[in-house]
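An overview of the molecular structure
Listed here are the chains, written in short residue letters.
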Amino acid sequence: SQQGEEDPQALSIQEGENATMNCSYKTSINNLQWYRQNSGRGLVHLILIRSNEREKHSGRLRVTLDTSKKSSSLLITASRAADTASYFCATDSPLDDKIIFGKGTRLHILP
Amino acid sequence: EAQVTQNPRYLITVTGKKLTVTCSQNMNHEYMSWYRQDPGLGLRQIYYSMNVEVTDKGDVPEGYKVSRKEKRNFPLILESPSPNQTSLYFCASKKGWAGGYSGANVLTFGAGSRLTVL
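The text that follows walks through the structure, step by step, so that each part is easy to find. (Residues numbered from 1 in each chain as written. Chains lettered and ligands numbered in written order. Predicted model: local features only at pLDDT ≥ 70, side-chain atom pairs only at ≥ 80, totals over all residues. Heavy atoms only, no water.)

**Brief notes about the side chain of Ser67 of chain B**
Applied cut-off: Secondary structure follows DSSP: runs of H or I at least 4 residues long count as helices, runs of E at least 2 residues long count as strands, and numbering of each begins at the N terminus. For this analysis, residues touch if any pair of their heavy atoms sits within 4.5 Å.
Checked against the element boundaries, Ser67 of chain B lands in the loop between strand S7 (65–66) and strand S8 (76–78). In contact with Ser67 of chain B, not counting residues within four places along its chain, are Asn73, Phe74 and Pro75 of chain B.

**Here we look at a nonpolar patch on the surface**
Which entries qualify depends on this criterion: Exposure above 30% relative accessible area and the absence of a salt bridge qualify a residue for a patch, where like charges join within 9 Å and nonpolar side chains (Val, Leu, Ile, Met, Phe, Trp, Tyr) within 5 Å. Residue-level accessible areas treat just the shown protein chains as cover; the underlying method is Shrake-Rupley with a 1.4 Å probe. Basic side-chain nitrogens of Lys or Arg form a salt bridge, by our definition, when they fall within 4 Å of a carboxyl oxygen of Asp or Glu.
Residues Ile12, Val14 and Leu118 of chain B make up a contiguous nonpolar surface patch of about 320 Å² in total accessible area. Looking at where Val14 of chain B falls in the secondary structure, it is placed in the loop between strand S2 (10–13) and strand S3 (19–25).

**As for the state of the cysteines**
We apply this condition: To count as a disulfide, a pair of cysteine sulfur atoms needs to be within 2.5 Å. Each residue gets one of three labels from its accessible area relative to the maximum for its type: buried under 20%, exposed over 50%, partly exposed in between, using a 1.4 Å probe on protein chains only.
Taken as a whole, this structure holds 2 disulfides over all chains when the rule is applied. Paired through a disulfide, Cys23 of chain A and Cys89 of chain A show a sulfur-sulfur distance of 2.0 Å. Disulfide Cys23 of chain A-Cys89 of chain A: the torsion about the S-S bond is 65 degrees, which places it as right-handed. Pair noted here: Cys23 of chain A is in strand S3 (residues 19–24) and Cys89 of chain A is in strand S9 (residues 85–92), with a separation of 66 residues, a long-range link. Note on Cys89 of chain A: relative accessible area 1%, which makes it buried. Two residues, Cys23 of chain B and Cys91 of chain B, share a disulfide whose sulfurs are 1.9 Å apart. Note on the Cys23 of chain B and Cys91 of chain B pair: the S-S dihedral is about -75 degrees, so by sign convention the disulfide is left-handed. Here Cys23 of chain B, found in strand S3, pairs with Cys91 of chain B, found in strand S9 (residues 87–94); they are 68 residues apart in sequence, far enough to count as distant.

**A word on the interface of chain A and chain B**
Threshold: By definition, the buried area sums, over both parts, the 1.4 Å-probe accessible area that each loses when the two are put together. Within 3.5 Å is the distance limit for a polar contact, defined as a pair of N or O atoms, with the added protein rule that one can donate a hydrogen and the other accept it, and that residues adjacent in sequence qualify only through two side-chain atoms.
On the side of chain B, 24 residues touch chain A, which itself brings 23 residues to the contact. Between chain A and chain B lies a buried interface of about 1,800 Å² when both sides are counted; carbon and sulfur atoms form 54% of it. Here chain A is connected to chain B by 1 salt bridge. Residue Asp59 of chain B is joined to Lys98 of chain A by a salt bridge in which the shortest nitrogen-to-oxygen separation is 3.3 Å. Between the two partners, chain A and chain B, sit 7 residue pairs in polar contact (both at pLDDT 80 or more). Going through the elements one at a time, strand S4 (31–37), strand S5 (44–50), S9 and strand S10 (99–101) of chain A are the ones with two or more residues in the side of chain A that touches chain B.

**Looking at the pairing of S3 of chain B**
Residues and elements named next belong to chain B. Which entries qualify depends on this criterion: When DSSP finds two or more bridges between two strands, those strands count as paired.
In terms of residue burial, S3 counts as a mostly covered element, since 5 of its 7 residues are buried. Pairing of strand S1 (residues 4–7) with S3 involves 4 bridges; the strand directions are antiparallel. Counted as the bridge partner of Thr5 is Ser24 from S3. Judged from the 3 bridges that link them, S3 and S8 form a sheet pairing that is antiparallel. Residue pairing in the sheet places Thr20 in a bridge with Ile77 of S8.

Rendered as structure tokens:
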């Protein structure tokens, strides 16, 4: 399986600080995506980065991709209480049509 | 509103009693998929479908069946549920391959179906 692995499993930071989560995967990819999940609800797409891109920004989100290391990072700047959620990376392979998710990082923003 | 609708949202059943979780999308998406989410294991793909009458196994297909007779619907069938199928299930859809347009790979998720098998 090409399942991604997020690191750390859980992260607690003070409101206003930056949060960084990492994702590693095993096989070649077309795209890597990050999703957010609030407490047992459906996942919501945050950002997609293609395999030929190295960095992408969307609002307070910054994603990097290093295909040589098969890893990605998600940076959330100036965190807010509403950012408390679980974050998942997902990869799709050029070899099949599966979209594989990692185990997620639980982020808790402390007031 | 563009959405993926799953039913039921909550279900408690007993071992061996066949059940179906329905999934419907109104976005004319080609690709649909089922995932299960378990603590510590993240989301694991059960089955997916690239289009009508085309289905493929994901990483954990055992004990499940699917069908794709219409583009909008992708039901998940548990013929003989067992307690290890107690989980939170998500249906998701996306546009599918669209000439390299990466946005076609973004999944839209349903709200989830929490299933308990006693």
